[in-house]
Amino acid sequence: MYPVQIPTFDCAGKTAVITGAGSGIGQAAAMLFAAYGANVIVADISEAAAEKTAEVIRRNGGRVHVISVDISQSAQVDRLITETVDHFGGVDIFVANAGIGGAVLPLLEQTENEFMNVISVNLKGTFLCAKAAANQMIHQGRGGRIVITASIGAFEGGGHHGPYGASKGALVTLVRTMGREWAEYGITVNAVCPGLTATAINQGLLEDKALAESLLDKIPMHRMAQPEEIASAMLYLATDAAAFITGTTLIVDGGATTGG
Ligand code: NAD
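Residues numbered from 1 in each chain as written. Predicted model: local features only at pLDDT ≥ 70, side-chain atom pairs only at ≥ 80, totals over all residues. Heavy atoms only, no water.

Asker: Sorry, what's going on with the packing of helix 3 (residues 74-88) against helix 4 (residues 112-140) here?
Answerer: It is the contact of helix 3 with helix 4, at a shortest axis distance of 9 Å, that shows an interaxial angle of 35 degrees. In terms of crossing hand, the pair formed by helix 3 and helix 4 is right-handed. Across the interface between the two elements, Ser-74, Val-77, Asp-78, Ile-81 and Val-85 of helix 3 pack against Leu-128, Cys-129, Ala-132, Ala-133 and Gln-136 of helix 4. Of the residues that constitute the contact of helix 3 with helix 4, the class distribution is seven nonpolar, two polar and one charged. (Axes fitted to C-alpha atoms, helices over the stretch in contact; angles between N-to-C directions. Helix = DSSP H or I, 4+ residues; strand = E, 2+ residues; numbered from the N terminus. Left-handed = near helix turned anticlockwise from the far one by under 90°. Contact = heavy atoms within 4.5 Å. Nonpolar A, V, L, I, M, F, W, Y, C, P; charged D, E, K, R; others polar.)

Here it is, written out as C-alpha coordinates:
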(Lines give C-alpha, C1' and ligand atoms only; values in the text may rest on other atoms or scores of the structure.)
Protein backbone atom coordinates (compact mmCIF):
# COMPACT_ATOMS: atom_id res chain seq x y z
CA MET A 1 0.00 0.00 0.00
CA TYR A 2 1.43 3.42 -0.97
CA PRO A 3 1.55 5.89 1.93
CA VAL A 4 -0.36 8.54 -0.05
CA GLN A 5 -4.02 9.37 -0.27
CA ILE A 6 -5.32 8.10 -3.61
CA PRO A 7 -7.82 10.58 -5.09
CA THR A 8 -11.06 9.23 -6.45
CA PHE A 9 -13.30 10.50 -9.23
CA ASP A 10 -16.25 8.65 -7.77
CA CYS A 11 -19.39 10.84 -7.55
CA ALA A 12 -21.69 8.22 -5.99
CA GLY A 13 -24.26 9.84 -3.71
CA LYS A 14 -23.49 13.33 -5.06
CA THR A 15 -25.96 15.44 -6.98
CA ALA A 16 -24.60 17.30 -10.00
CA VAL A 17 -26.56 20.05 -11.77
CA ILE A 18 -25.35 20.71 -15.32
CA THR A 19 -26.72 23.62 -17.35
CA GLY A 20 -26.69 23.49 -21.12
CA ALA A 21 -26.78 19.70 -20.78
CA GLY A 22 -29.06 19.24 -23.77
CA SER A 23 -26.16 19.52 -26.21
CA GLY A 24 -22.40 19.49 -26.74
CA ILE A 25 -20.09 19.87 -23.77
CA GLY A 26 -22.89 19.92 -21.18
CA GLN A 27 -24.41 16.75 -22.62
CA ALA A 28 -21.04 14.97 -22.45
CA ALA A 29 -20.57 16.21 -18.87
CA ALA A 30 -24.03 14.97 -17.83
CA MET A 31 -23.23 11.52 -19.19
CA LEU A 32 -19.76 11.44 -17.64
CA PHE A 33 -20.96 12.52 -14.19
CA ALA A 34 -23.75 9.93 -14.40
CA ALA A 35 -21.21 7.26 -15.41
CA TYR A 36 -19.22 8.18 -12.28
CA GLY A 37 -22.29 7.63 -10.12
CA ALA A 38 -23.74 11.13 -9.64
CA ASN A 39 -27.44 11.92 -9.55
CA VAL A 40 -27.67 14.27 -12.51
CA ILE A 41 -29.94 17.23 -13.17
CA VAL A 42 -30.01 17.85 -16.92
CA ALA A 43 -30.86 21.57 -17.14
CA ASP A 44 -31.39 23.35 -20.43
CA ILE A 45 -33.55 26.03 -22.05
CA SER A 46 -34.61 23.31 -24.51
CA GLU A 47 -36.57 20.68 -22.62
CA ALA A 48 -36.66 18.44 -25.70
CA ALA A 49 -32.85 18.47 -25.97
CA ALA A 50 -32.49 17.86 -22.23
CA GLU A 51 -34.88 14.91 -22.47
CA LYS A 52 -32.66 13.29 -25.13
CA THR A 53 -29.62 13.50 -22.85
CA ALA A 54 -31.64 12.17 -19.92
CA GLU A 55 -32.92 9.26 -21.98
CA VAL A 56 -29.36 8.05 -22.66
CA ILE A 57 -28.53 8.28 -18.94
CA ARG A 58 -31.72 6.42 -17.97
CA ARG A 59 -31.00 3.69 -20.52
CA ASN A 60 -27.62 3.17 -18.88
CA GLY A 61 -29.13 2.89 -15.41
CA GLY A 62 -28.25 6.41 -14.24
CA ARG A 63 -30.29 8.57 -11.89
CA VAL A 64 -31.40 11.66 -13.79
CA HIS A 65 -34.02 14.41 -13.79
CA VAL A 66 -34.73 17.09 -16.41
CA ILE A 67 -35.38 20.73 -15.50
CA SER A 68 -36.01 23.36 -18.15
CA VAL A 69 -34.43 26.69 -17.29
CA ASP A 70 -33.43 29.95 -18.89
CA ILE A 71 -30.34 30.83 -16.85
CA SER A 72 -30.72 34.55 -17.59
CA GLN A 73 -33.92 34.65 -15.48
CA SER A 74 -33.24 34.69 -11.72
CA ALA A 75 -36.66 33.26 -10.76
CA GLN A 76 -36.04 30.29 -13.07
CA VAL A 77 -32.55 29.76 -11.63
CA ASP A 78 -33.99 29.79 -8.09
CA ARG A 79 -36.60 27.22 -9.21
CA LEU A 80 -33.79 25.08 -10.67
CA ILE A 81 -32.23 24.84 -7.21
CA THR A 82 -35.48 24.20 -5.30
CA GLU A 83 -36.59 21.56 -7.77
CA THR A 84 -33.17 19.87 -7.55
CA VAL A 85 -33.39 19.83 -3.76
CA ASP A 86 -36.96 18.47 -3.92
CA HIS A 87 -35.88 15.72 -6.29
CA PHE A 88 -32.44 14.64 -5.06
CA GLY A 89 -32.20 16.30 -1.62
CA GLY A 90 -29.38 18.79 -2.27
CA VAL A 91 -26.72 20.17 -4.60
CA ASP A 92 -23.09 19.01 -4.36
CA ILE A 93 -21.74 19.91 -7.80
CA PHE A 94 -22.91 22.69 -10.09
CA VAL A 95 -21.54 22.92 -13.63
CA ALA A 96 -22.55 26.34 -14.99
CA ASN A 97 -21.96 25.52 -18.62
CA ALA A 98 -24.83 26.97 -20.67
CA GLY A 99 -23.77 29.72 -23.02
CA ILE A 100 -24.36 31.29 -26.42
CA GLY A 101 -21.98 32.47 -29.12
CA GLY A 102 -23.77 35.64 -30.23
CA ALA A 103 -23.37 37.39 -33.56
CA VAL A 104 -20.05 37.00 -35.36
CA LEU A 105 -19.49 40.64 -36.35
CA PRO A 106 -16.89 43.37 -35.92
CA LEU A 107 -17.58 45.43 -32.80
CA LEU A 108 -18.62 48.44 -34.91
CA GLU A 109 -21.54 46.34 -36.20
CA GLN A 110 -22.56 44.74 -32.89
CA THR A 111 -25.88 46.13 -31.67
CA GLU A 112 -26.72 47.01 -28.08
CA ASN A 113 -29.37 44.27 -28.06
CA GLU A 114 -26.98 41.60 -29.28
CA PHE A 115 -24.30 42.71 -26.81
CA MET A 116 -26.74 42.61 -23.90
CA ASN A 117 -28.14 39.24 -25.00
CA VAL A 118 -24.70 37.60 -24.82
CA ILE A 119 -23.85 39.28 -21.51
CA SER A 120 -27.26 38.39 -20.08
CA VAL A 121 -26.86 34.64 -20.74
CA ASN A 122 -23.10 34.07 -20.50
CA LEU A 123 -22.20 36.46 -17.68
CA LYS A 124 -25.35 37.34 -15.73
CA GLY A 125 -26.88 33.86 -16.13
CA THR A 126 -23.70 32.12 -14.99
CA PHE A 127 -23.42 34.51 -12.02
CA LEU A 128 -27.04 33.80 -11.03
CA CYS A 129 -26.43 30.03 -11.25
CA ALA A 130 -23.21 30.07 -9.24
CA LYS A 131 -24.70 32.35 -6.59
CA ALA A 132 -27.85 30.24 -6.17
CA ALA A 133 -25.78 27.04 -6.03
CA ALA A 134 -23.39 28.54 -3.47
CA ASN A 135 -26.26 29.70 -1.26
CA GLN A 136 -27.71 26.20 -1.29
CA MET A 137 -24.30 24.63 -0.56
CA ILE A 138 -23.72 27.05 2.33
CA HIS A 139 -27.19 26.16 3.68
CA GLN A 140 -26.33 22.42 3.47
CA GLY A 141 -23.05 23.04 5.32
CA ARG A 142 -20.97 20.37 3.57
CA GLY A 143 -19.17 22.44 0.93
CA GLY A 144 -19.42 21.86 -2.79
CA ARG A 145 -17.87 22.23 -6.21
CA ILE A 146 -18.75 24.83 -8.83
CA VAL A 147 -17.29 24.56 -12.32
CA ILE A 148 -17.89 27.33 -14.85
CA THR A 149 -17.42 27.03 -18.60
CA ALA A 150 -15.50 30.05 -19.87
CA SER A 151 -13.49 29.89 -23.12
CA ILE A 152 -10.06 30.66 -24.52
CA GLY A 153 -11.97 33.58 -26.09
CA ALA A 154 -11.49 35.12 -22.61
CA PHE A 155 -7.81 35.69 -23.42
CA GLU A 156 -7.73 36.11 -27.15
CA GLY A 157 -10.20 38.81 -28.19
CA GLY A 158 -10.49 39.25 -31.94
CA GLY A 159 -12.32 36.90 -34.26
CA HIS A 160 -15.40 39.16 -34.41
CA HIS A 161 -16.65 37.60 -31.19
CA GLY A 162 -16.24 40.75 -29.09
CA PRO A 163 -19.25 40.40 -26.76
CA TYR A 164 -18.63 36.65 -26.37
CA GLY A 165 -14.94 37.09 -25.49
CA ALA A 166 -15.80 39.88 -23.06
CA SER A 167 -18.42 37.73 -21.32
CA LYS A 168 -15.97 34.84 -20.94
CA GLY A 169 -13.14 37.12 -19.80
CA ALA A 170 -15.44 38.45 -17.10
CA LEU A 171 -16.21 34.88 -16.00
CA VAL A 172 -12.48 34.13 -15.55
CA THR A 173 -12.30 37.17 -13.27
CA LEU A 174 -15.52 36.33 -11.44
CA VAL A 175 -14.28 32.82 -10.69
CA ARG A 176 -11.31 34.30 -8.82
CA THR A 177 -13.61 36.37 -6.60
CA MET A 178 -16.01 33.47 -6.03
CA GLY A 179 -13.13 31.11 -5.19
CA ARG A 180 -11.78 33.59 -2.64
CA GLU A 181 -15.13 34.52 -1.07
CA TRP A 182 -16.59 31.00 -0.83
CA ALA A 183 -13.46 29.08 0.29
CA GLU A 184 -14.51 29.51 3.93
CA TYR A 185 -17.63 27.46 3.19
CA GLY A 186 -15.66 24.59 1.64
CA ILE A 187 -16.84 25.50 -1.85
CA THR A 188 -14.33 25.48 -4.70
CA VAL A 189 -15.03 27.48 -7.86
CA ASN A 190 -13.02 27.02 -11.03
CA ALA A 191 -13.36 27.71 -14.73
CA VAL A 192 -12.68 25.41 -17.64
CA CYS A 193 -11.57 27.25 -20.78
CA PRO A 194 -12.20 25.09 -23.82
CA GLY A 195 -10.63 25.79 -27.16
CA LEU A 196 -12.40 24.94 -30.37
CA THR A 197 -14.73 22.01 -29.62
CA ALA A 198 -16.88 19.96 -32.00
CA THR A 199 -20.38 21.04 -30.91
CA ALA A 200 -23.48 22.71 -32.33
CA ILE A 201 -22.25 26.18 -31.30
CA ASN A 202 -19.66 25.83 -34.11
CA GLN A 203 -22.10 24.48 -36.71
CA GLY A 204 -21.59 27.38 -39.14
CA LEU A 205 -17.85 27.25 -38.80
CA LEU A 206 -17.74 23.50 -39.39
CA GLU A 207 -19.61 23.99 -42.63
CA ASP A 208 -17.07 26.56 -43.89
CA LYS A 209 -14.12 24.26 -44.70
CA ALA A 210 -11.65 27.08 -45.47
CA LEU A 211 -12.40 28.86 -42.19
CA ALA A 212 -12.25 25.59 -40.26
CA GLU A 213 -8.84 24.77 -41.77
CA SER A 214 -7.43 28.22 -40.93
CA LEU A 215 -8.60 27.81 -37.31
CA LEU A 216 -7.14 24.31 -37.04
CA ASP A 217 -3.80 25.72 -38.27
CA LYS A 218 -3.63 27.75 -35.03
CA ILE A 219 -3.96 24.63 -32.87
CA PRO A 220 -0.68 22.69 -32.32
CA MET A 221 -2.66 19.43 -32.10
CA HIS A 222 -4.40 20.44 -35.35
CA ARG A 223 -7.85 19.25 -34.35
CA MET A 224 -10.91 20.32 -32.39
CA ALA A 225 -11.59 18.95 -28.92
CA GLN A 226 -14.30 16.36 -28.52
CA PRO A 227 -16.91 17.41 -25.93
CA GLU A 228 -15.91 14.58 -23.58
CA GLU A 229 -12.34 15.94 -23.46
CA ILE A 230 -13.74 19.12 -21.87
CA ALA A 231 -16.11 17.13 -19.66
CA SER A 232 -13.25 15.12 -18.15
CA ALA A 233 -11.56 18.36 -17.02
CA MET A 234 -14.87 19.34 -15.40
CA LEU A 235 -15.06 15.98 -13.64
CA TYR A 236 -11.53 16.43 -12.28
CA LEU A 237 -12.34 19.89 -10.89
CA ALA A 238 -15.58 18.57 -9.34
CA THR A 239 -13.99 15.74 -7.35
CA ASP A 240 -11.70 15.30 -4.35
CA ALA A 241 -8.72 15.02 -6.69
CA ALA A 242 -8.97 18.82 -7.07
CA ALA A 243 -9.84 19.61 -3.43
CA PHE A 244 -7.13 22.31 -3.08
CA ILE A 245 -7.78 24.04 -6.40
CA THR A 246 -9.99 27.12 -6.37
CA GLY A 247 -10.37 30.47 -8.11
CA THR A 248 -8.45 29.35 -11.14
CA THR A 249 -8.79 28.36 -14.78
CA LEU A 250 -7.98 25.13 -16.58
CA ILE A 251 -7.33 25.64 -20.29
CA VAL A 252 -8.20 22.65 -22.50
CA ASP A 253 -7.29 23.74 -26.01
CA GLY A 254 -4.76 21.41 -27.64
CA GLY A 255 -2.12 24.09 -27.11
CA ALA A 256 -3.94 26.83 -29.03
CA THR A 257 -3.06 29.59 -26.54
CA THR A 258 0.64 28.75 -26.33
CA GLY A 259 1.52 31.52 -28.79
CA GLY A 260 3.76 31.33 -31.84
P1 NAD B 1 -24.03 23.92 -27.57
O2 NAD B 1 -24.72 24.97 -28.37
O3 NAD B 1 -23.86 22.56 -28.16
O4 NAD B 1 -24.73 23.76 -26.15
C5 NAD B 1 -25.18 24.86 -25.40
C6 NAD B 1 -26.45 24.45 -24.66
O7 NAD B 1 -26.83 25.55 -23.82
C8 NAD B 1 -27.64 24.16 -25.59
O9 NAD B 1 -28.22 22.92 -25.26
C10 NAD B 1 -28.58 25.33 -25.34
O11 NAD B 1 -29.95 24.98 -25.47
C12 NAD B 1 -28.24 25.71 -23.91
N13 NAD B 1 -28.59 27.10 -23.60
C14 NAD B 1 -28.41 28.19 -24.38
N15 NAD B 1 -28.90 29.28 -23.76
C16 NAD B 1 -29.41 28.87 -22.58
C17 NAD B 1 -30.05 29.53 -21.51
N18 NAD B 1 -30.31 30.86 -21.55
N19 NAD B 1 -30.44 28.81 -20.44
C20 NAD B 1 -30.22 27.48 -20.40
N21 NAD B 1 -29.62 26.78 -21.39
C22 NAD B 1 -29.22 27.48 -22.48
O23 NAD B 1 -22.61 24.55 -27.24
P24 NAD B 1 -21.32 23.98 -26.46
O25 NAD B 1 -20.18 24.15 -27.38
O26 NAD B 1 -21.58 22.68 -25.84
O27 NAD B 1 -21.19 25.13 -25.36
C28 NAD B 1 -21.20 24.88 -23.98
C29 NAD B 1 -20.36 25.94 -23.31
O30 NAD B 1 -19.00 25.82 -23.77
C31 NAD B 1 -20.78 27.38 -23.63
O32 NAD B 1 -20.69 28.17 -22.45
C33 NAD B 1 -19.75 27.83 -24.65
O34 NAD B 1 -19.58 29.22 -24.67
C35 NAD B 1 -18.53 27.09 -24.14
N36 NAD B 1 -17.45 26.95 -25.12
C37 NAD B 1 -17.64 26.23 -26.26
C38 NAD B 1 -16.60 26.12 -27.17
C39 NAD B 1 -16.74 25.35 -28.45
O40 NAD B 1 -15.86 25.48 -29.33
N41 NAD B 1 -17.77 24.55 -28.64
C42 NAD B 1 -15.35 26.73 -26.90
C43 NAD B 1 -15.21 27.43 -25.72
C44 NAD B 1 -16.26 27.53 -24.83
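Asker: Explain the site of the ligand here, please?
Answerer: In the vicinity of the ligand there are 28 residues, among which Ser-23, Asp-44, Asn-97, Tyr-164 and Thr-199 approach most closely. In this structure, Ser-23 approaches the ligand through a side-chain N or O atom, which is 2.5 Å from an oxygen atom. Within the backbone of Ile-71, one N or O atom sits 3.1 Å away from a nitrogen atom of the ligand. Relative to its unbound accessible area of 830 Å², the ligand is 91% covered by the protein chains. Elements represented by at least two residues in the shell around the ligand include exactly helix 1 (24-35) and helix 6 (162-182). For the shell around the ligand, a count of residues per class yields 13 nonpolar, 12 polar and three charged. (Near = heavy atom within 4 Å. Polar contact = N/O pair within 3.5 Å; in protein donor to acceptor, adjacent residues only side chain to side chain. Areas by Shrake-Rupley, 256 points an atom, 1.4 Å probe, with all protein chains shown as cover.)

Asker: Explain the pattern of salt bridges to me, please; I cannot follow it from the model alone.
Answerer: When charged atoms on two side chains of opposite charge get close, those side chains can pair. Within the structure shown, the criterion is met by six salt bridges. One salt bridge in this structure joins Glu-229 and Arg-223, with 2.8 Å as the shortest N-O distance. Residue Glu-229 is classed as partly exposed on the basis of its relative accessible area of 29%. A single salt-bridge network, built from bridges that share partners, covers Glu-51, Glu-55 and Arg-58. (Salt bridge = Lys/Arg side-chain N within 4 Å of Asp/Glu carboxyl O. Buried < 20%, exposed > 50% of the residue type's maximum accessible area, 1.4 Å probe, protein only.)

Asker: Just to check I follow, could you spell out the environment of Tyr-36 for this structure?
Answerer: Checked against the element boundaries, Tyr-36 lands in the loop between helix 1 and strand 2 (39-44). Taking relative accessible area as the criterion, Tyr-36 reaches 35% and is therefore assigned partly exposed. For the pair formed by Tyr-36 and Lys-14, sequence separation is 22 residues and the distance between their alpha carbons is 9.8 Å. Setting aside residues no more than four positions away along its own chain, Tyr-36 makes contact with Phe-9, Asp-10, Cys-11, Ala-12 and Leu-235.

Asker: Quick question: what am I supposed to make of helix 4 here?
Answerer: Side chains that are three or four residues apart share a direction in an α-helix, a result of its 3.6 residues per turn. An ideal rise of 1.5 Å per residue puts 42 Å on 29 residues; helix 4 measures up with 40 Å between its terminal C-alpha atoms. Residue Ser-120 marks the point of greatest curvature in helix 4, where the axis turns by about 35 degrees. Downstream of helix 4 by one or two residues, Gly-141 has phi in the positive range, about 75 degrees. (Expected span 1.5 Å × (residues − 1). Bend = angle between axes of the 7 residues up to and from the residue.)

Asker: Looking at this structure, how should I read the pairing of strand 4 (residues 93-96)?
Answerer: Looking along a regular strand, one sees side chains alternate from face to face of the sheet. Neither face of strand 4 is exposed, since Ile-93 and Val-95 on one face and Phe-94 and Ala-96 on the opposite face are all buried. Taken together, the three bridges between strand 1 (residues 15-19) and strand 4 define a ladder with parallel strand orientation. Pairing of Ala-16 across the sheet is with Ile-93, part of strand 4. Looking at chain direction, strand 4 and strand 5 (residues 144-149) are connected through four bridges and run parallel. The residue bridging Phe-94 from the neighbouring strand is Ile-146, located in strand 5. Once you follow strand 4 into helix 4 and on to strand 5, the crossover reads as right-handed. (Pairing = 2+ DSSP bridges. Right-handed = clockwise from strand over helix to strand, strands pointing away.)

Asker: Help me understand the sheet that holds strand 5 in this model?
Answerer: Backbone hydrogen bonds are what pair the strands of a sheet, in a parallel or an antiparallel way. What the seven strands build is an open sheet, ordered 3-2-1-4-5-6-7; its pairing is parallel. Strand pairing shows two members of the sheet lacking a second neighbour, strand 3 (64-68) and strand 7 (249-252), which therefore form its edges. Looking at each pair of strands side by side, their axes are set apart by 15 degrees on average, direction ignored. In this structure, strand 1 lies alongside strand 2, joined through five bridges in parallel fashion. In the sheet register, Ala-16 faces strand 2, and the bridge partner there is Val-40.

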